[in-house]
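Fold and geometry: a report
Given next are the chains, with one letter for each unit.
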Amino acid sequence: MNSPTPVFDAHLHIIDPKHPLVENNGYLPDPFTVEDYLMRISGLGIAGGAVVAGSFQGFDQCYLVDALSTLGPDFVGVTQLPTDTCDERILELDRDGIKALRFNVARGGSAVLDDMEHMARRVHDLAGWHSELYIDSRSIDDDLGERIAGLPSVSIDHFGMHRDGLPALLRLVERGVKVKATGFGRVELDPATTMRAIVDVDPSALMVGTDLPSTRAPRPFENADFDIIRDTLSPDELTAVFWDNAAKFYLGRARD
């Protein structure tokens, strides 16, 4: 079933064996190229998205630049960078379509958490990038919550992963943090209940994504995951969650 509005896929991975992969905790993913992705999303109404760096891609940028050049201007990149990356390189990546920096707290492979505040502010001031955290929200205590909420622009992957972290997550949503409705087959929570709670706090906070190819998830993305969203939210909320919220966040604009 097609979505009632275009979909901005706020979280997907491209795994192209032409480019380097870094074993992470003994894991290397199977290939999932741009062509594989486009075939898999046929009929879902996806018209833009964010290609997100995985822990197994380290600090390589070539695959990301390659993927964006094929997918087109409504797709952007979310990368990982070492802390010693120079300003010129960040601006070059921005011109290539990369618009956010990821901190992979859950699996490592990106700048360590202690560098989060400095790097997040640096890329935002330099290129307008936001930051994305792959983090278990159960680990967000009051101190870390203040640090995250103080960042200039930030999102949390996969609902924050666990139901027990929902109170901490909602406190961040109250302070402007965005949340990705992604990874339904990897999270330990009820997606419908969690989506309803987030949208009730801030209708602009929630962004949908496929998490394809769902590396290491107990259950990969299914088209029916989008039906859960449709069944949970009102028509106006669906327009925001399927496209507007993410398009404003990543592209600086909603629907034309």
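Residues numbered from 1 in each chain as written. Predicted model: local features only at pLDDT ≥ 70, side-chain atom pairs only at ≥ 80, totals over all residues. Heavy atoms only, no water.

- Looking up the protein chain in an unreviewed UniProt entry gives the name 2-pyrone-4,6-dicarboxylate hydrolase, with the organism given as Brevibacterium aurantiacum.

**Focus: helix α7 (residues 191–201)**
- Within α7, the full set of buried residues consists of P191, T194, M195, A197, I198 and V199.
- Buried-residue contacts for α7 involve α6 (166–174), β7 (178–181), β8 (206–208), α8 (224–232) and α9 (235–251). (Buried < 20%, exposed > 50% of the residue type's maximum accessible area, 1.4 Å probe, protein only. Helix = DSSP H or I, 4+ residues; strand = E, 2+ residues; numbered from the N terminus. Contact = heavy atoms within 4.5 Å.)

**Looking at the packing of aromatic side chains**
- The final tally for this structure, using the stated rule, is eight aromatic pairs.
- Ring centres of F8 and W243 lie 5.6 Å apart, and the angle between their planes is 75°; this geometry places the pair in the edge-to-face category. Of this pair, F8 sits in strand β1 (residues 7–12) while W243 sits in helix α9; the two residues are 235 residues apart in sequence, bridging distant segments of the chain.
- Here F8 falls in the buried class, since its relative accessible area comes to 0%.
- Geometrically, the ring pair formed by F8 and Y250 is stacked, given 5.4 Å between the ring centres and 15° between the ring planes. Within this pair, whereas F8 is found in strand β1, its partner Y250 is found in helix α9, the two being separated by 242 residues in sequence.
- Chaining the aromatic ring pairs together yields one cluster made of F8, W243, F249 and Y250. (Phe/Tyr/Trp six-rings, centres within 6.5 Å; stacked < 30°, edge-to-face > 60°.)

**A few points about the nonpolar core**
- Formed by 67 residues in total, the largest nonpolar core has its most connected members in Y37, I148, F159, I198, L206 and I229.
- No other element matches the six residues that α6 contributes to this core.
- Formed by 13 residues, the second largest nonpolar core is a distinct cluster that contains A10, A50, V78 and A100. (Core = buried A, V, L, I, M, F, W, Y, C linked by side-chain atoms within 4.5 Å.)

**A word on unusual backbone geometry**
- L212 connects to P213 through a cis peptide bond whose omega is 0°.
- In this structure, M161 takes a positive phi of about 85° despite not being glycine.
- You can see M161 is positioned in the loop between β6 (154–156) and α6.
- Taking the relative accessible area as the measure of exposure, M161 reaches 15% and is therefore buried.
- Despite not being glycine, S214 shows a phi value in the positive range, around 65°.
- Among the structural elements, S214 can be located in the loop between β8 and α8.
- Taking the relative accessible area as the measure of exposure, S214 reaches 5% and is therefore buried.

**Digging into the packing of helix α3 (residues 87–95) against helix α4 (residues 116–127)**
- Where α3 contacts α4, the two axes come as close as 10 Å, and the packing angle between them is 65°. The two elements α3 and α4 cross, and the hand of that crossing is right-handed. Contacts between α3 and α4 involve D87, I90, L91 and D94 from the first element and R122, V123, L126 and A127 from the second.
- In the contact of α3 with α4, the residues fall into five nonpolar, no polar and three charged. (Axes fitted to C-alpha atoms, helices over the stretch in contact; angles between N-to-C directions. Left-handed = near helix turned anticlockwise from the far one by under 90°. Nonpolar A, V, L, I, M, F, W, Y, C, P; charged D, E, K, R; others polar.)

**Observations regarding the sheet that holds β1**
- The eight strands lie next to each other as β1-β2-β3-β4-β5-β6-β7-β8, forming an open sheet whose pairing is parallel. The open sheet is flanked by β1 and β8, the only strands paired with a single partner. Pairs of neighbouring strands in the sheet enclose a mean axial angle of 25°, with direction left out of account.
- In the sheet, strand β4 (residues 98–104) pairs with strand β5 (residues 130–134) via five bridges, with the strands oriented parallel. Residue pairing for β5: F103 is matched across the bridge by L133. (Pairing = 2+ DSSP bridges.)

**Concerning the environment of V177**
- On the secondary structure map, V177 appears in the loop between α6 and β7.
- V177 sits in the buried class, given a relative accessible area of 2%.
- For the pair V177 and Y134, spaced 43 residues apart in sequence, the C-alpha separation works out to 13 Å.
- Ignoring sequence-local partners within four residues, the contact set of V177 consists of I148, V154, S155, I156, L172 and A205.

**Points about the pairing of β4**
- Most of β4 is tucked away, with six of its seven residues classed as buried.
- Sheet topology places strand β3 (residues 75–79) next to β4; three bridges connect them, and they run parallel. Within β4, the position partnered with V78 by the bridge is A100.
- Handedness of the β3-α3-β4 crossover: right-handed. (Right-handed = clockwise from strand over helix to strand, strands pointing away.)

**Observations concerning the environment of T79**
- Inspection of the secondary structure puts T79 in strand β3.
- The spacing of T79 and V51 is 28 residues in sequence and 8.4 Å in space, taken between C-alpha atoms.
- Excluding its chain neighbours within four sequence positions, the residues that come into contact with T79 are A53, Q61, L64, I98, A100, L101, R102 and W129.
- A polar contact is formed between the side chain of T79 and the side chain of Q61, at a distance of 2.4 Å. (Polar contact = N/O pair within 3.5 Å; in protein donor to acceptor, adjacent residues only side chain to side chain.)

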